[in-house]
Amino acid sequence: KISFSSSAKAMRFFLAGLFLALLSHIQAAPNWQLPNWHGCIDAKATGLPYCDTKLSVEKRLDDLMSRLSLEEKIQQITPDGSIGGTCTTFTTGKPDIGLPPWLWLVETNTGVDSACPAENHCVTNFVGPQGMAASFNRTSWHLKGYVLGTEQRALSNIGASRFHQDHKNPVCLTAFGPNINIVRDPRFGRNSELASEDPFLSGTYAAQMVSGMQQRDEKGYKKTAAYLKHYTAYSTEANRGHDTYNISQYDFFDTYLAQYKLAFTAQPTGVMCSYNAENGHPSCANEFILNQQLRSWKPDAHVTIDCGAVNNLKGPPVNAPDDAHAAAMALMNGTDLEMGDTLFTSLSQAIDMGLATKQRLEEAVRRSFKVHFELGRFDPANATTWAKYGLADVNHSMHQQISYEAALQSLVLLKNEKALPIKEGTSIAVVGPHSISRSQLFSDYAAGSHCFDGTDACVPTLAEGIAAANQGGSVSAAMGVEINSNKTDGIAAALDLVRKSDFVVLALGDDKTIETEGHDRVDTALPGLQESFAKQVLGLEKPTVLVLVSGGPMAIDGILAYQGKKEGSAGFAIIQAFFPSHKGAQALGQTLFGNENRWGKLPITMYPHHYISEQAMTNYDMSFPPGRTYKYYQGKPLFPFGFGLSLTSFDFNCSKAGEENPTLEYTFQCKLHNTGNLDGEEVVQAYHSAVDIGKVDHPLPKRALRDFKRVAVRAGQKATVTFTLSSKQLELVNKVGSQTLYPGVHAIILSRGHAEDEQKFTIKIEGEDRIVI
């Protein structure tokens, strides 16, 4: 029982604490009006025509541009280091007309990269992009974009900051992601940021994600402005910024431009151009890719550089003699906004020297402001539907569920020899360097603030996720070995846990010390002592599931060979988990026990270890032997693109439904029968292959993905998947990059990723070559 006096004392302490909390909040509040750096709020601005919503956007732009001098226009497309980091890219405002500054670079590849604004409201992080692509699920990709767009708006509305809650780096509404360079080489340091090796899959993923991020309200305001990264052919970290690669017109249009063109069907705001050069022309000063290609898909596409790329122009391969030449080179070839340096401050000099024009400068500045008008920045803050978003919308329970659903569909079952599902109540040892990982479960460019206290303690480990699902059982965990060291002091204890357990989960892979921005992998094998440790674990003859946590694919030839030599061995399974993020442990736990059965398919090829000795990192010719990706690789992969198993079994039969109609459309129906005891999901993939089209003067893909559908089928039930494909899906890229429909015999291959039940249908095209584009 609490007496009145003690209750009053408690109330005084409570009120004092509340006052201090409120005082702390007031002290931490941003010194600008909300949403972050919203325009047309200042009394100096509200009466000006650029803030008049009755006028057209073009007339408002005319007025805003007329109020800026030449130098002030240059300031709008040049980072202002006096406000904050030049890579984060603050551009200055103009107080005289009530124009606030802007922060351009908010990373949004896997989550909105923001400091955590409150307990239980750190941003929603998704599984790494390869895990997302593994779902082959358009709806999941769109919902990811919806979540990221919603949370970025909410963070802007409440005054959140990017790196710390110090209100020096306000979260604004320009969103940089997704990153859709292809997974060209397994050694590339930034593979964990990428979706797939296939342009069609990557482009479809991006289009869906962008459409969710840029959702428009009933008045047409975008939720956020999405930028694709890194345009284009960025796939090597060594000598970054001064590297150039020989790329044929064929490879440009078949591989390096295709995913971006497809993504622009969703009309993203623009792109961030890449550090590298193609055929001697740096991406950020490349008339061909920026003006001739990109702006044929969207004339007003906004182009920002990657941080420091203008300064890089003063070195190889173009060696601009000074800042003015470098700035002019970027601006006049299509770049609109500098990031990371301030060479654009020399544009006035470049104009005087005749290297750049005022007209092109005006275009770049106008294009930059137009992005803000589309977001509603210069309209009343409550004019958009998105003004309703607040703290409760950051890491909302629905967003957590969407992330969890994505994690369930990201796991790829590569092998299952009588190991899965695990029976609940089992004694399990979870060993390996990723058994107790937390922050190491995130891909590069995931949102950095995982937990409100600044640690990663709120991120469940794989062992904790398995323990939560193992009702009535026991789970013990030990690393055994580290990711990449020669330390052996933990091996004995880990092997002892294995001996005492009935089942083993072996969690191996790499992390950002091995592959990350600025650092390519030199080897695709498991680093450190992981392979030898794995063989010791497998030698104890316990049922084992190997879980691979990585960005780029791992070459596990040695483990496969070792396990293959054992006769009558215990059960064995392999799961590719990519970087599974915050919800990955829960998803893995539920899946291992068969409570969930929603596996994905490989969005990449898993090459044998000898592949890296056969293929130079700097070779960008996709078909040069032994070839790159499933489209051109001539060897035998460890596991192929599109492959993935399930805990249930399916019968798969397809048929061609009638003959083609006058528009050359072809309909195929595939019947899936779930013949197992568990509900399951399957991905049906449609590929094109040119069977006999005569001799051509360019490479021919072995096959190319044209469509896919994911379908859920209950145990014992059947489902029908229908594909309607047109002659467009039979086109090939020719030597000069044009889409061409060749006469001859073509095939549509329908597959669930298993070679043994793929079904092939031939189509004969009569006539002459038809160049479509």
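Per-chain numbering applies: the sequence of each chain, read as written, is numbered from 1 onward. At least 70 in pLDDT is required for a residue's local features to be given in this predicted model, at least 80 for side-chain atom pairs to be given and counted, and no such filter applies to totals for whole chains, interfaces and linings, which use all residues. Side-chain numbers come from the whole structure's heavy atoms, not from hydrogens or water.

**Q** For the overall build of the protein, give the residues involved together with the corresponding values.
**A** Here a helix means four or more residues in a row that DSSP labels H or I, a strand means two or more in a row labelled E, and each is numbered from the N terminus. The helix and strand inventory of the protein stands at 22 helices and 26 strands. Radius of gyration (C-alpha) of the protein: 27 Å, near the 28 Å computed for a compact globule of 773 residues. In terms of overall dimensions, the protein has C-alpha extents of about 95 × 80 × 50 Å along its principal axes. Buried, partly exposed and exposed residues are distinguished by accessible area as a fraction of the type maximum, computed with a 1.4 Å probe on protein chains only: under 20%, between the cut-offs, and over 50%, respectively. Per-residue burial for the protein yields a buried fraction of 60% across its 773 residues. In this description, contact between two residues means that some pair of their heavy atoms is separated by no more than 4.5 Å. Considering only residue pairs separated by 6 or more positions, the protein has 78% of its internal contacts joining residues 24 or more positions apart. We get accessible surface area from the Shrake-Rupley algorithm with a probe of 1.4 Å; when it comes to residues, only the shown protein chains can shield them. A total accessible area of about 28,400 Å² is found for the protein, and carbon and sulfur atoms account for 52% of it. Charge counting treats Lys and Arg as positive and Asp and Glu as negative, with His and both chain ends excluded. By convention, the point assigned to a charge is CZ for Arg, NZ for Lys, CD for Glu and CG for Asp. In the protein, 70 side chains carry a positive charge and 80 a negative one; their mean positions are 4 Å apart. Within these notes, the globule rule equals 2.2 Å times the number of residues to the 0.38 power, and the radius of gyration is based on C-alpha atoms.

**Q** Can you tell me about the state of the cysteines, naming the residues and giving the values?
**A** Two cysteines whose sulfur atoms are joined by a covalent bond form what is called a disulfide. Criterion for a disulfide: a pair of cysteine sulfur atoms at a distance within 2.5 Å. Tallying each qualifying case throughout the model produces six disulfides. Each sulfur of the disulfide joining Cys 116 and Cys 122 lies 2.0 Å from the other. One quick way to see it: the torsion about the S-S bond of Cys 116 and Cys 122 is about -95°, and its sign makes the bridge left-handed. For the pair Cys 116 and Cys 122, one class covers both residues: buried. Between the sulfur of Cys 273 and that of Cys 284 lies a disulfide, 2.0 Å long from S to S. Taking the sign of the S-S torsion, about 110° here, the bridge from Cys 273 to Cys 284 comes out right-handed. Pair noted here: Cys 273 is in strand β7 (residues 270–273) and Cys 284 is in the loop between β9 (281–282) and α10 (287–297), with a separation of 11 residues, a long-range link. On the basis of relative accessible area, Cys 273 is assigned to the buried category, the value being 0%. Numbered in order of appearance, the disulfide-bonded cysteines of the protein are paired 1-2, 3-8, 4-5, 6-7, 9-10, 11-12.

**Q** Outline the packing of helix α15 (residues 397–408) against helix α20 (residues 584–592), listing residues and values.
**A** Between α15 and α20, whose axes approach to 9 Å, the crossing angle comes to 50°. When the axis of α15 is compared with that of α20, the two are oblique. Judged by the twist between their axes, the crossing of α15 over α20 is right-handed. Residues Tyr 404, Ala 407 and Leu 408 of α15 lie in contact with α20, whose contacting residues are Gly 584, Gln 586, Ala 587, Gln 590 and Thr 591. Its residues placed into classes, the contact of α15 with α20 shows four nonpolar, four polar and no charged. A fitted line through C-alpha atoms serves as each axis, taken over the contacting stretch for helices, and the angle formed by two N-to-C directions is quoted from 0 to 180°. Note on angle classes: values under 35 degrees are labelled roughly parallel, values over 145 roughly antiparallel, values of 65 to 115 roughly perpendicular, and the remainder oblique. Crossing handedness follows the turn of the near helix against the far one: under a right angle anticlockwise gives a left-handed crossing, and clockwise gives a right-handed one. Residue polarity is assigned by list, with Asp, Glu, Lys and Arg as charged and Ala, Val, Leu, Ile, Met, Phe, Trp, Tyr, Cys and Pro as nonpolar; anything else, Gly included, falls into the polar class.

**Q** Lay out the pattern of salt bridges with the relevant residues and their values.
**A** The term salt bridge refers to a side-chain nitrogen of Lys or Arg lying within 4 Å of a carboxyl oxygen of Asp or Glu. The full count for this structure, using the stated rule, is 38 salt bridges. Two residues, Glu 237 and Arg 240, come together in a salt bridge whose shortest N-O distance is 3.2 Å. Glu 237 sits in the buried class, given a relative accessible area of 5%. Within this structure, Arg 190, Glu 193, Glu 237, Arg 240 and Glu 517 form a network of salt bridges that share partners.

**Q** How would you explain the sheet that holds strand β4 (residues 174–179) if you had to name every residue and give the values?
**A** Here we have five strands laid out as an open sheet, ordered β3-β4-β5-β7-β10, and parallel in their pairing. Only two strands of the sheet have a single neighbouring strand rather than two, namely β3 (106–107) and β10 (302–305). Where β4 and strand β5 (residues 225–231) come together, four bridges link them in parallel fashion. Across the sheet, the residue bridging to Ala 175 is Ala 226, located in β5. The strands touched by α10 are β5, β7 and β10; relative to β5, the strand with the most contacts, the crossing angle is about 140°. Note on pairing: DSSP must find at least two bridges between two strands before they are called paired.

**Q** Run through the pairing of strand β16 (residues 572–576), naming residues and quoting values.
**A** Of all five residues in β16, five are buried, a share of seventy percent or more. Judged from the five bridges that link them, strand β11 (residues 412–417) and β16 form a sheet pairing that is antiparallel. Bridging from a neighbouring strand, Asn 416 pairs with Ala 573 of β16. In terms of strand pairing, strand β15 (residues 544–549) meets β16 through five bridges, oriented parallel.

Purely geometric stuff here, so don't read any function into it on its own.
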